Amino acid sequence: MSAQIRPQPGIMDIALYKGGTSAIAGRDDVLKLSSNENPFGAGDLARQAYLRAGHDLHRYPSTDHAALRMALGAQFGLDPERIICGAGSDEIISFLCQAYAGPGDEVLYSQHGFLMYRISAQVAGATPVVAPETDRTTDVDAILAKAGKRTKLVFIANPNNPTGTMIPLSEIMRLAKALPKQALLVLDGAYAEYAAEYDGGAALVDTRKNVVMTRTFSKLHGLGGLRIGWGYGPGHVIDVLNRVRGPFNLSNMQLAVAEAALADTAHISRSLSENARWRDWLSERLTALGIPTDYSHANFVLARFRDAEQADACNAALLADGVIVRQVGSYGLPECLRVTVGDEAACRRVAHVIGMFMEGQA
Ligand SMILES: *Cc1c(COP(=O)(O)O)cnc(C)c1O
């Protein structure tokens with residue numbers, strides 16, 4: 001770093017985010033199960049919209065995202081005026097931190113929470129605070145015990161990544177009611193669609209002034225590469241976030257593809273039903289191999305090994321076979337591997353390699 005040209009205090013404390021690996025040198029049959037991507041990719045309607053959008057590359061996009069907000073409102077029964085769209089839900093998380101947290105403020109999240117909460121808090125100069133979980137599950141009392149005068153934002157992913165666990169709406173409601181008055185509760189619904197009978201907290205947002213929901217097109221809709229997310233909140237919060245948001249934060253391509261993806265009910269229902277089926281199959285296989293998992297409400301399974309050493313050894317065995325899963329030591333879970341639920345062939349392949357590894361351990 002230059003002696004004179006220095007970033008804001010705290011920036012150099014930020015640990016660089018490491019994405020899921022996607023390649024293994026010298027292999028062309030790699031199976032990537034490390035980033036919770038939809039194994040079927042984007043749907044046909046999204047791909048067609050992508051090609052059509054190529055004709056308008058010279059046009060500036062809409063600044064208010066009205067068409068996509070209307071479509072989201074209609075689909076989920078929400079007030080489009082209180083929806084904000086961003087370059088992935090990561091950008092909504094970052095807007096929230098920029099707008100509501102700064103030096104001296106605290107941003108609270110749970111023990112095995114998403115790494116972006118910490119990074120976005122640090123970028124804003126705020127102090128990240130971690131509340132312990134109980135059995136890898138969000139613990140409302142532990143969060144309340146850490147919440148105080150300085151708490152500005154509380155992030156909860158429900159279902160959570162990388163644990164796959166979730167808490168019921170009644171618990172979220174209890175948390176929203178008991179938080180200090182100046183704290184905003186953010187419900188990260190990146191995996192909300194995968195959870196049975198769960199609205200991501202949308203109805204709760206409608207009844208409270210201190211709850212925001214974030215959602216994404218990256219997981220269920222298979223559009224992680226295009227970067228589209230959105231948030232739903234009280235009017236006063238959305239007004240603030242729109243002031244932080246750049247006017248052209250989403251391209252024509254992102255807006256058009258997102259709208260098409262939302263309408264692709266065939267792709268959505270196939271993705272959901274295949275995920276539920278193979279997620280449960282994979283969990284059962286792992287259990288049979290002596291590797292416990294918590295019931296997952298998302299599109300991945302967290303495999304718990306005996307210890308970090310065994311998890312590392314299994315990861316090495318998987319890599320040697322061309323299978324990439326996610327090591328989650330950076331989430332405080334070094335004894336675990338997070339495995340994205342792929343299609344049938346992918347699930348059978350990963351279970352087979354882990355099975356061979358466990359046989360060698362016996
Ligand atoms: C994948 C993920 C996101 C979504 O990220 P995008 O920026 O929308 O791609 C948000 N939160 C959690 C917990 C995630 O796992």
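Throughout, a residue's number is its position along its own chain's written sequence, starting from 1. Owing to the predicted nature of the model, reporting of local features is limited to residues with pLDDT of at least 70; listing and counting of side-chain atom pairs is limited to 80 or more, with chain, interface and lining totals taken over all residues. Excluding hydrogens and water, the side-chain figures rest on all heavy atoms present in the structure.

Here we look at the overall build of the protein
What counts as a helix is a DSSP run of H or I of at least four residues, what counts as a strand is a run of E of at least two, and both are numbered from the N terminus. When helices and strands are counted, the protein shows 12 helices and 12 strands. The globule rule is 2.2 Å times the number of residues to the power 0.38, and the radius of gyration it is compared with is taken over C-alpha atoms. The globule rule puts the C-alpha radius of gyration for 362 residues at 21 Å, and the 21 Å found for the protein is close to it. Principal-axis analysis of the C-alpha atoms places the extent of the protein at approximately 60 × 50 × 50 Å. Expressed as a percentage of the 362 residues in the protein, the buried residues total 53%. Sequence separation of 24 or more characterises 73% of the internal contacts of the protein that already satisfy a separation of 6 or more. Surface accessibility follows the Shrake-Rupley procedure with a 1.4 Å probe radius. Residue values consider only the protein chains on display as shielding. When the accessible area of the protein is evaluated, it comes to approximately 16100 Å², of which 53% is carbon and sulfur surface. Exposure classes here rest on a 1.4 Å probe applied to the protein chains alone. A residue is buried below 20% of its type maximum, exposed above 50%, and partly exposed in between. Throughout, a contact is declared for two residues whenever any of their heavy atoms are within 4.5 Å.

Considerations on the pairing of strand β6 (residues 184-188)
Within β6, five of the five residues are buried, leaving the element largely enclosed by the surrounding structure. Side-chain alternation along β6 places Leu184, Val186 and Asp188 on one buried face and Leu185 and Leu187 on a second face that is also buried. Bridge analysis of strand β5 (residues 151-157) against β6 gives five bridges, and the strand direction is parallel. Residue Ala157 lies in a different strand from β6, and its bridge partner there is Asp188. A crossover counts as right-handed when, viewed with the strands pointing away from the observer, the path leading from the first strand over the helix to the second turns clockwise. Taking the sense of rotation as the criterion, the β-α-β connection linking β5, helix α6 (residues 169-178) and β6 turns out right-handed. Each pair of strands is called paired provided DSSP finds at least two bridges between the two strands. With four bridges joining them, β6 and strand β7 (residues 211-216) adopt parallel strand pairing. If you follow Leu187 over to β7, its bridge partner there is Met213.

Looking at the site of the ligand
Every residue lining the ligand is accounted for by Gly88, Ser89, Asp90, Phe114, Asn161, Asp188, Ala190, Tyr191, Thr216, Ser218, Lys219 and Arg227. Any N or O atom pair separated by 3.5 Å or less is treated as a polar contact, with the protein-specific requirement of one donor-capable and one acceptor-capable atom, and with residues adjacent in sequence counted only for side-chain atom pairs. The contact in question runs from an oxygen atom of the ligand to an N or O atom on the backbone of Asp90, over 3.0 Å. Side-chain polar atom of Lys219 to an oxygen atom of the ligand: 3.2 Å apart, as the coordinates give it. Out of a free accessible area of 380 Å², the ligand has 94% covered by protein chains. Sorting elements by how many residues they give to the shell around the ligand places helix α3 (residues 88-100) first, with three residues. Tallied by class, residues from the shell around the ligand come to three nonpolar, five polar and four charged. Throughout, near means a residue has at least one heavy atom within 4 Å of the molecule or strand. When residues are sorted by character, Ala, Val, Leu, Ile, Met, Phe, Trp, Tyr, Cys and Pro go into the nonpolar class, Asp, Glu, Lys and Arg into the charged class, and all the rest, Gly among them, into the polar class.

Focus on the packing of aromatic side chains
Aromatic rings from Phe, Tyr and Trp, taking only the six-membered ring of Trp, are treated as a pair when their centres fall within 6.5 Å; an angle between ring planes under 30 degrees marks them as stacked, one over 60 as edge-to-face, and anything in between as tilted. Applying the stated criterion to the full structure yields seven aromatic pairs. The rings of Tyr109, Phe114, Tyr117 and Phe155 are connected pair by pair, giving a single aromatic cluster. Each ring is checked for a lysine NZ or an arginine CZ that lies within 6 Å of its centre and within 35 degrees of its normal; such an atom marks a charge sitting over the ring. The side chain of Arg270 reaches across the aromatic face of Phe40, ending 3.9 Å from its centre. For Arg338, the ring lying beneath its charged end belongs to Phe300, and the centroid distance is 5.7 Å.

Description of the side chain of Thr137
Relative to the helices and strands, Thr137 resides in the loop between β4 (127-131) and α5 (140-146). With residues up to four places along the chain from it excluded, the contact list for Thr137 reads Thr165, Met166 and Ile167.

Some remarks on the domain arrangement of the protein
Residue ranges for the domains trace back to a domain assignment, done automatically or taken from a database. Examined at the domain level, the protein breaks down into domain 1 (11-41 + 266-361) and domain 2 (44-263). Here domain 1 and domain 2 have C-alpha centroids that lie 25 Å from each other. Between domain 1 and domain 2, the residue contacts involve 31 residues of the former and 29 residues of the latter. Throughout this description, the term salt bridge denotes a Lys or Arg side-chain nitrogen within 4 Å of a carboxyl oxygen of Asp or Glu. Taken together, the links from domain 1 to domain 2 amount to one salt bridge. The residue Asp294 makes a salt bridge to Arg136 at a minimum N-O spacing of 2.6 Å. Every element with two or more residues in the side of domain 1 that touches domain 2 is listed here: α10 (265-288) and β9 (300-304). Of the residues forming the side of domain 1 that touches domain 2, the biggest block, six residues, is contributed by α10.

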